[in-house]
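Fold and geometry: a report
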Amino acid sequence: MREAHMSDVAVAQFKRLYEEWQHNDASSWIRENDVEPLQDVPSFHDVYKTIDHDQAVHAFAKTAFLKLNGGLGTSMGLDKAKSLLPVRRHKARPMRFIDIILGQVVTARERLNVPLPLTMMNSFRTSKDTIEALTQSKNFHQEDVPLEIVQHQEPKIDLGTGKPVEFPDNPELEWCPPGHGDLFSTIWESGLLDILAEKGFEYLFISNSDNLGARPSRTLAQYFENTGAPFMVEVANRTYADRKGGHFVRDKKTGRLVLREMTQVNPDDKEAAQDIERHPYFNTNSIWVRIDALKAMLEQYDGVLPLPIIRNYKTVDPTDPATVKVVQLETAMGAAIGLFDGAICVQVDRMRFLPVKTTDDLFIMRSDRFHLTDSYEMEDGNYLFPSVKLDPRYYRNIEDFNDRFPYAIPSLAAANSVTIDGDWTFGHDIVFYGDAVLKDQGKPSYVPNGEFVGPQGIEPDEWLW
């Protein structure tokens, strides 16, 4: 790392993670008996009724916006920032994640007369393309606050040797980011907190760039200010599909909230941890933090917060399972909640949690389930979406996905679920309904224009008497 001119903070952070991995390789369980379930979290609707919305603009005016933008979208076969992927069209224009984010920021600035600075946390792989997109925007301008901070990188570890992996075919793949928990040491080293504090900002709202629901909110800004809490995480109600995700619990010894990932759940506690009635909320990874409180915490730990280690097992080339097995040592941003006395959660609707991790998610986002408003909000009637399973052999990669939907995503308005097995290409004006299924035909197949697809596949054209 020093040969690659990494900073002292980056080295110190990796050293802590590596030593933890070496000497305490067994997972650190967060046992069910040692925690209390998080219950009765105030909802956005309850909060909304208590807020003076004219006054809320003042809290919003002291809020800065930070988007995590380090991901390449390798799960979809991308080789650039996922935020540069087109999501849908708006008034005939193709809109990428970053275009929608900028639209949300500019709209808030103009309508509420607030500064709302935006900073992207890029990785060494996403920085160039992202900054180019930001500076090319006609309506978004920012000078006094940095447009980006660049997260650290660390070596991937060869599981066979415990040493940095070597991959001469593409040396860049020998490195990885240390997870989104690296946000805090990156913020510390960048001096961003000092810049924001000097300009009168008191609150920082942090969210993922692939979550278009996590838009700026004056209601939540005012609520956060009213509570006096140092740290607040937006949570949403778990459904059966969310049972394997991270959720918050309260440590019986310290009384603090703790983020418990499923990797920290003992096998004996798995059933209780996945009980969505016992643990009804999951982590959306949207966080509000007081700038002075975060700065004090980072000063206490010299910029490297003692967050729990996450072991991410992959191959050195994530697109080639035949390459060397590695471990990436990471931390989670939300785990910082366990360091702050008085940290809280607020329950938000699914409209504030619209992540796109796979082409299955993108399939819904591009469909008629959504309307992109003039305020750059992704609107849907109830935000209860159909279950979608696309054959990964033909739809996982974004280029293959686009090739098979050359006109538009079929209508999902009447669909409860969609399952596509095999290699299907779609014409235009196609409608999915009910539990729509297309079975593998063993060869490339086509759904003609205007067809209806339901539980029995493509509906027959002839009348059946």
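Preceding this paragraph is the structure being described.
Residues numbered from 1 in each chain as written. Predicted model: local features only at pLDDT ≥ 70, side-chain atom pairs only at ≥ 80, totals over all residues. Heavy atoms only, no water.

1. Considerations on the packing of aromatic side chains
Within the structure shown, the criterion is met by 17 aromatic pairs. Between the aromatic rings of Y18 and W21, the centroid separation amounts to 5.5 Å while the plane-to-plane angle is 55°, which identifies the pairing as tilted. Here Y18 pairs with W21, and both are found in helix α1 (residues 8-23), just three residues apart, close to one helical turn. Given the relative accessible area of 18%, Y18 is considered buried. Relative to F405, the ring of F363 has its centre 5.5 Å away and its plane inclined at 55°; by these criteria the two rings are tilted. In this pair, F363 is assigned in helix α11 (residues 359-365) and F405 in the loop between α13 (398-404) and β21 (411-420), connecting sequence segments 42 residues apart. In this pair, the class of F363 matches that of F405, namely buried. Put simply, the rings of F363, Y395, F401, F405, F426 and F432 pair up and form one aromatic cluster. Here the basic side chain of R243 rests over the ring of Y240, its NZ or CZ set 3.9 Å away from the ring centre. (Phe/Tyr/Trp six-rings, centres within 6.5 Å; stacked < 30°, edge-to-face > 60°. Helix = DSSP H or I, 4+ residues; strand = E, 2+ residues; numbered from the N terminus. Buried < 20%, exposed > 50% of the residue type's maximum accessible area, 1.4 Å probe, protein only. Lys NZ or Arg CZ within 6 Å of the ring centre and 35° of its normal.)

2. Some thoughts on empty space enclosed by the protein
Evaluated as defined, the whole model comprises two cavities of 30 Å³ or more. Lining the largest cavity, in full, are L259, E261, Q264, P308, I310, A332 and A335. Considered class by class, the residues forming the lining of the largest cavity number five nonpolar, one polar and one charged. Looking at the second largest cavity, its volume works out to about 30 Å³. For the second largest cavity, the full set of lining residues is Q13, G181, F184, S185, L305, L307 and T331. Counted by class, the lining of the second largest cavity contains three nonpolar, four polar and no charged residues. (1 Å grid on protein atoms, 1.4 Å probe; cavity = no way out; pocket = protein on both sides within 12 Å on 5 of 7 lines; lining within 4 Å. Points joined across faces, edges and corners; volume = space filled by probe spheres on them. Nonpolar A, V, L, I, M, F, W, Y, C, P; charged D, E, K, R; others polar.)

3. Let's talk about unusual backbone geometry
Of note in this structure, K91 is not a glycine but carries a positive phi near 50°. Note that K91 resides in the loop between β3 (86-90) and β4 (93-96). Note on K91: relative accessible area 63%, which makes it exposed. Of note in this structure, D302 is not a glycine but carries a positive phi near 50°. By the secondary structure assignment, D302 is in the loop between α10 (291-300) and β15 (310-315).

4. Examining the sheet that holds strand β23 (residues 431-438)
In space, the five strands of this open sheet follow the order β20-β21-β23-β25-β26, with mixed pairing throughout. Looking at strand neighbours, the two that pair on one side only are β20 (387-390) and β26 (457-458), the edges of this open sheet. (Pairing = 2+ DSSP bridges.)

5. Some remarks on the packing of helix α6 (residues 183-190) against α10
Taken N-terminus to C-terminus, the directions of α6 and α10 make an angle of 95°; their axes are 11 Å apart at the nearest point. Of the possible angle classes, the one that applies to α6 and α10 is roughly perpendicular. For the pair α6 and α10, contact is made by F184, I187 and W188 and by L294, K295, L298 and E299, respectively. Among the residues making up the contact of α6 with α10, the classes are represented as five nonpolar, no polar and two charged. (Axes fitted to C-alpha atoms, helices over the stretch in contact; angles between N-to-C directions. Parallel < 35°, antiparallel > 145°, perpendicular 65-115°, else oblique. Contact = heavy atoms within 4.5 Å.)

6. Topic: the nonpolar core
Ranked by internal contacts, the top residues of the largest apolar core, which has 74 residues, are F363, M378, F401, F426 and F432. The dominant element in this core, judged by the number of residues it contributes, is helix α4 (residues 97-112), at eight residues. (Core = buried A, V, L, I, M, F, W, Y, C linked by side-chain atoms within 4.5 Å.)

7. Observations concerning the side chain of N208
Locating N208 in the fold gives a position in strand β10 (residues 203-208). A polar contact is formed between the side chain of N208 and the side chain of N285, at a distance of 3.3 Å. Excluding residues within four positions of it along the chain, N208 makes contact with K67, L68, N285 and K357. (Polar contact = N/O pair within 3.5 Å; in protein donor to acceptor, adjacent residues only side chain to side chain.)

8. Focus: the environment of Y223
You can see Y223 is positioned in helix α8 (residues 218-227). With a relative accessible area of 14%, Y223 lands in the buried category. Counting along the chain gives 123 residues from Y223 to V346, while the straight-line C-alpha distance between them is 9.5 Å. Among all residues touching Y223, those that are not within four sequence positions of it are P42, V47, I51, M232, I344 and V346.

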